[in-house]
Amino acid sequence: MGIFSFFSKEKKETLDKGLSKTKESVFSKITRAVAGKNKVDDEVLDNLEEVLITSDVGVDTTLKIISRIEKRVAQDKYVNTHELTAILRDEIASLLTENNTEDADGFTIPEEHKPYVIMVVGVNGVGKTTTIGKLAYQFKKAGKNVYLGAADTFRAAAVEQLVIWSERVGVPIVKQKMGSDPASVAFDTLSSAKSNNADVVIIDTAGRLHNKINLMNELTKIKNVMKKVIPDAPHEVLLVLDGSTGQNAFEQAKQFTAATEVNALAVTKLDGTAKGGVVIGISDHFRIPVKYIGLGEGIEDLQVFRKKEFVNSLFGE
Ligand SMILES: Nc1nc2c(ncn2[C@@H]2O[C@H](COP(=O)(O)OP(=O)(O)OP(=O)(O)O)[C@@H](O)[C@H]2O)c(=O)[nH]1
Ligand SMILES: [Mg+2]
């Protein structure tokens, strides 16, 4: 690692540990897929296809990966099954880096937008509030002046949960009582943040309302009210997805991005699940970049998603 590497040993360990269940599962499936074979042939490729699909990579992305490996095998004539994981790692890394966005490197807070407003959305229980706490911690560590807004006023204890994070991180929070109008909370938060010259505002929102239409209408209303304080807010709408739900997370991303404007994704709970392959499918499928991954419940367990590092961790030795 050179001096320009921002990927510390600790972060690599958290990533490796977080992805270990997915890795074990993928490796044992690959071992079975190549059992008794020396050469990568059609049968091995068929088995590999099944491995990727059952590892939550998703059908479309799996087919792209298999077709790349097929080409490579055809070119090299004889490919030993021992080389398969290395090839898989290379081809997945190339697929992800070629086909859409560059590595996002998390959120960069531009000087000209002050405060920079991040609105966090997603269905209930995916990890929105936790991700906000972890993000606030990272911004604060980077010397930013952070404000939190507790605009999930629907669920009992939701405000309290964000208050706990604000205390843990040591950043101010703007709140009202449960059941109050979330758009009004967002308005208050942006007003306070603006008058206190804050750098970043992160707004928590409810994951569950009476129904999905209500939820989408409310998000629109919150956005519109924000614009009264800061005309180009929100600058980021971060959709949080629970990676441990595998293909469900993928479906949620589809539905949410169709219903409301989203420009960044975070995939949480990759620790403790064997379904981490879903990040590959999500990163391949959506134009919207995966910016963060959640690797645990702790304050340090949120990492910027970097495609190569992710694939290396998953398919490394
Ligand atoms: N293991 C693990 N747990 C996580 C991660 N992110 C969040 N959680 C846990 O998931 C649970 C739900 O997280 P919340 O942050 O409350 O989710 P939410 O989206 O705000 O939920 P609602 O407010 O009900 O919509 C909590 O117990 C978190 O500790 C993660 O990356 N890894
Ligand atoms: Mg919450």
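Criteria and thresholds
Residues numbered from 1 in each chain as written. Chains lettered and ligands numbered in written order. Predicted model: local features only at pLDDT ≥ 70, side-chain atom pairs only at ≥ 80, totals over all residues. Heavy atoms only, no water. Helix = DSSP H or I, 4+ residues; strand = E, 2+ residues; numbered from the N terminus. Buried < 20%, exposed > 50% of the residue type's maximum accessible area, 1.4 Å probe, protein only. Contact = heavy atoms within 4.5 Å. Polar contact = N/O pair within 3.5 Å; in protein donor to acceptor, adjacent residues only side chain to side chain. Pairing = 2+ DSSP bridges. Axes fitted to C-alpha atoms, helices over the stretch in contact; angles between N-to-C directions. Core = buried A, V, L, I, M, F, W, Y, C linked by side-chain atoms within 4.5 Å. Domains from an automatic or database assignment.

Q: Give a detailed account of the environment of Y292, specifying residues and quantitative values.
A: Locating Y292 in the fold gives a position in strand β7 (residues 290-294). On the accessibility criterion, Y292 (2% relative accessible area) is buried. Sequence spacing of Y292 and L238 is 54 residues, and the spatial spacing of their C-alpha atoms is 9.7 Å. Other than its neighbours up to four places away in sequence, Y292 contacts G106, F107, L135, Q138, L265, A266, V267, L302, Q303, V304 and F305. Within the structure, Y292 has its side chain in polar contact with the backbone nitrogen of F107 (distance 2.9 Å).

Q: Describe in detail the sheet that holds β7, supporting the description with residues and values.
A: Read across the open sheet, the eight strands follow the order β3-β2-β4-β1-β5-β6-β7-β8; overall the sheet is mixed. Strands with a single pairing partner mark the edges of an open sheet, and in this sheet they are β3 (173-174) and β8 (302-304). The strands that helix α6 (residues 128-141) touches are β1 (116-121), β2 (146-151), β4 (200-205), β5 (236-242), β6 (264-268), β7 and β8; relative to β4, the one it contacts most, it runs at about 170°. Relative to the sheet, helix α7 (residues 158-169) contacts β2, β3 and β4, its axis offset from that of β2 by approximately 170°.

Q: Account for the nonpolar core, naming residues and giving values.
A: Among the nonpolar cores identified, the biggest contains 74 residues, and I282 and F310 are the most heavily contacted of them. Shared between two domains, this core takes at least three residues from each, and those domains are domain 1 (9-99) and domain 2 (116-310). If sequence neighbours within four positions are ignored, F310 has contacts with L15, L19, L270, G276, V279, I280, I293 and F305.

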